[in-house]
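Chain and residue survey
Listed below are the residues making up each chain.
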Amino acid sequence: MAIHRRRLTEPTIKRLRPPKAGRLEVGDDIVPGLVVRVTPSGLRSFSVIYKVPGEGGVSPTGRLLAGRQHRITLGQHPALSIAKAREEARKILEVVSEGRDPRPERRQQNLIRHTNTVEAVTRRFIEQDAKRTVASWRNIQRCLALHVLPGLGDRPIRDVRRADVHSILDALVAEERVGAARETRKHLHRLFEFALDREIVTDNPVHGMKRRDLAPNDDAGRALDDAELCAVWAGTVALGYPMGPMLQLLILTGQRRGEWANSTRSEISFDLRTLEIPAARHKSGRDHVVPLSGPAWEIVEALPVLEGDCLFSTRAGHVPVSGFSKAKRQLDELALATLRRDEPDATLPRYRIHDLRVTCETRLADLGATREVRDAILGHAKPGLQRTYNKHDYMDEKRAALADYAEHVLGVVS
């Protein structure tokens, strides 16, 4: 069937009338070989028709003979514009001009593209990168599983565009979950850098993304006052296991949320009454020992013994506790109710779980603990100390300071 050639434009393609039978094909006079095909149903698609020099052998004079005709389908119109179709056609014809058939290479690229879905690359990223380099890798895994994989998991990662990332972040911001949006953007950036380095993708759609609504939060946090601390403690009691006692231990020890949330029974020394956080999941990259005061130890002793090793879990100890945003909302409601028992119009100023750690450090300072002892308790990483730091340094001082602090807290909340 002869193919008529004309200068293809968007209006021209739209005006092509579907044939009553068979297929109508019109060639582009700008890029020879590029054709638009129209079916009786009105479907329009672009393809490239070509012959590879040399496939037909060589003439007696040494001229490369073209072989049989091949066709590569590029995509459907209008999803694929004529401008983009010309660009793709030129790439294919350039390969053909070198005497190579582009089909095997394109099949391999398509295989790689569809095999490397966002979910598949995320699994690889967690195993090969995050687990080896980030102590809190489970937080990365959980963030991507909650906010990225439900919408993009089946999508080839090469097809993810900046607009897709913006859509995820916009939804989180609309739900007033700016912190979650920040974390999602950060982890997606690292995921795409991983994929870019391995040539799974050709660019990082998160790089250079401008989101003023996700500007870093420079607020170092605040210490809760006595009334707030008392109300929050009452809320933890009402919450019950697992969130209640976990939050109480955050208050009494000043550790990071993940350090207690991901703790295991095997990390508890029942002889020394300590929690030993391994370097693999401590932010400093060092082992960190937390002495447990009398009140903290009573909480640990009262925890249920589960089938798995996790101290705090809703799944028989096999999986660490999660659902912190929901628990925080419940805690705030309970704390506010406590405040309003004495003052009906009372309000609870905004605070973060991290502020329990700030409260601990602030009150330790008020009780006379030195900066060195406070840093040792909180596990603050200091450049240059990794090689000489002993996880048992300041152990007696830490134990004494936390005992005084626990006594102070119980005096406030009782």
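None of the values given here were measured: they were computed from a predicted structure.

Take the pattern of salt bridges next. Pairing of side chains with opposite charge becomes possible as their charged atoms draw close. For the structure on display, the rule yields 28 salt bridges. Linking glutamate 183 and lysine 186 is a salt bridge whose minimum nitrogen-to-oxygen distance equals 3.3 Å. Placement of the pair is glutamate 183 and lysine 186 together in helix 8 (residues 178-197), with a separation of three residues, close to one helical turn. Judged by relative accessible area, glutamate 183 falls into the partly exposed class, the value being 34%. Given a relative accessible area of 47%, lysine 186 falls into the partly exposed group. A single network of salt bridges, built from pairs that share partners, joins Lys84, Glu87, Glu88 and Lys91.

Moving on, we come to the packing of aromatic side chains. With the rule as written, the count across this model stands at four aromatic pairs. Plain terms: the ring middles of phenylalanine 270 and tryptophan 297 are 5.4 Å apart, the flat faces sit at 75 degrees to each other, and that makes the pair edge-to-face. With phenylalanine 270 in the loop between strand 8 (268-269) and strand 9 (274-277) and tryptophan 297 in helix 12 (residues 294-301), this residue pair connects regions lying 27 residues apart in the sequence. Take tryptophan 297: its relative accessible area is 3%, and that puts it in the buried class. Each member of the aromatic cluster is reached from another via a ring pair, and the members are Tyr241, Trp260 and Phe312. One Lys or Arg, lysine 328, reaches over the ring of tyrosine 351 and ends 3.9 Å from the middle of that ring.

This part is about the side chain of arginine 211. Note that arginine 211 resides in the loop between helix 8 and helix 9 (226-239). A relative accessible area of 9% means that arginine 211 is categorised as buried. Within the structure, arginine 211 has its side chain in polar contact with the side chain of histidine 166 (distance 3.0 Å). A distance of 2.8 Å separates polar atoms of two side chains, one belonging to arginine 211 and the other to aspartate 170. Among all residues touching arginine 211, those that are not within four sequence positions of it are His166, Leu169, Asp170, Val173 and Arg185.

Topologically, lysine 14 is positioned in helix 1 (residues 10-15). Separated by 64 residues in the primary sequence, lysine 14 and proline 78 place their C-alpha atoms 8.7 Å from one another. With residues up to four places along the chain from it excluded, the contact list for lysine 14 reads Arg44 and His77.

We now examine the sheet that holds strand 3 (residues 34-38). Hydrogen bonds along the backbone pair up the strands of a sheet, which may run parallel or antiparallel. Within the open sheet, the five strands sit side by side as 1-2-3-4-7. Their pairing is mixed. Two strands bound the open sheet, and with one partner strand each, they are strand 1 (4-6) and strand 7 (70-77). In this sheet, neighbouring strand axes are inclined to one another by 30 degrees on average, regardless of whether the strands run parallel or antiparallel. Bridge count for strand 2 (residues 24-28) against strand 3 is four bridges, and the pairing is antiparallel. What sits directly across from valine 26, in strand 3, is valine 36. Packing of helix 2 (residues 82-97) onto the sheet brings it into contact with strand 2, strand 3, strand 4 (44-50) and strand 7, and relative to strand 4 it is tilted by some 20 degrees.

Our next topic: the sheet that holds strand 9. Across the sheet, which stays open at both edges, the three strands sit in the order 8-9-10 with antiparallel pairing between neighbours. The outermost strands of the open sheet, each flanked by one partner alone, are strand 8 and strand 10 (288-291). By the bridge criterion, two bridges tie strand 8 to strand 9 in an arrangement that is antiparallel. If you follow serine 269 over to strand 9, its bridge partner there is threonine 274.

On to the packing of helix 14 (residues 354-366) against helix 16 (residues 395-413). Viewed as axis vectors pointing N to C, helix 14 and helix 16 meet at an angle of 105 degrees, and their least axial separation amounts to 10 Å. Considering the angle they form, helix 14 stands roughly perpendicular to helix 16. Every residue of helix 16 that contacts helix 14 at Thr359, Cys360, Arg363 and Leu364 is listed here: Ala401, Tyr405, His408 and Val412. Residues of the contact of helix 14 with helix 16, tallied by class, amount to five nonpolar, two polar and one charged.

Turning next to the pairing of strand 9. Where strand 8 hands over to strand 9, the hairpin turn is made up of four residues, of which arginine 273 adopts a positive phi near 55 degrees. Relative to strand 10, strand 9 is paired through four bridges, and the arrangement is antiparallel. Within strand 10, the position partnered with leucine 275 by the bridge is valine 290.

As for its position among the elements, asparagine 262 is in the loop between helix 11 (257-261) and strand 8. What makes asparagine 262 buried here is its relative accessible area of 15%. Excluding its chain neighbours within four sequence positions, the residues that come into contact with asparagine 262 are Arg138, Arg281 and Pro320.

Next up on the list: helix 8. Helix length check: helix 8, at 20 residues, gives a terminal C-alpha distance of 29 Å against a target of 28 Å (1.5 Å per residue), a fit within 8%. Residues of helix 8 that are buried: Ala180, Ala181, Thr184, Arg185, His187, Leu188, Leu191, Phe192, Phe194 and Ala195. For helix 8, the elements touching its buried residues are helix 4 (118-133), helix 5 (137-147) and helix 7 (162-174). At the C-terminal side of helix 8, glutamate 199 shows a positive phi close to 60 degrees.

About the cut-offs
Residues numbered from 1 in each chain as written. Predicted model: local features only at pLDDT ≥ 70, side-chain atom pairs only at ≥ 80, totals over all residues. Heavy atoms only, no water. Salt bridge = Lys/Arg side-chain N within 4 Å of Asp/Glu carboxyl O. Helix = DSSP H or I, 4+ residues; strand = E, 2+ residues; numbered from the N terminus. Buried < 20%, exposed > 50% of the residue type's maximum accessible area, 1.4 Å probe, protein only. Phe/Tyr/Trp six-rings, centres within 6.5 Å; stacked < 30°, edge-to-face > 60°. Lys NZ or Arg CZ within 6 Å of the ring centre and 35° of its normal. Polar contact = N/O pair within 3.5 Å; in protein donor to acceptor, adjacent residues only side chain to side chain. Contact = heavy atoms within 4.5 Å. Pairing = 2+ DSSP bridges. Axes fitted to C-alpha atoms, helices over the stretch in contact; angles between N-to-C directions. Parallel < 35°, antiparallel > 145°, perpendicular 65-115°, else oblique. Nonpolar A, V, L, I, M, F, W, Y, C, P; charged D, E, K, R; others polar. Expected span 1.5 Å × (residues − 1).

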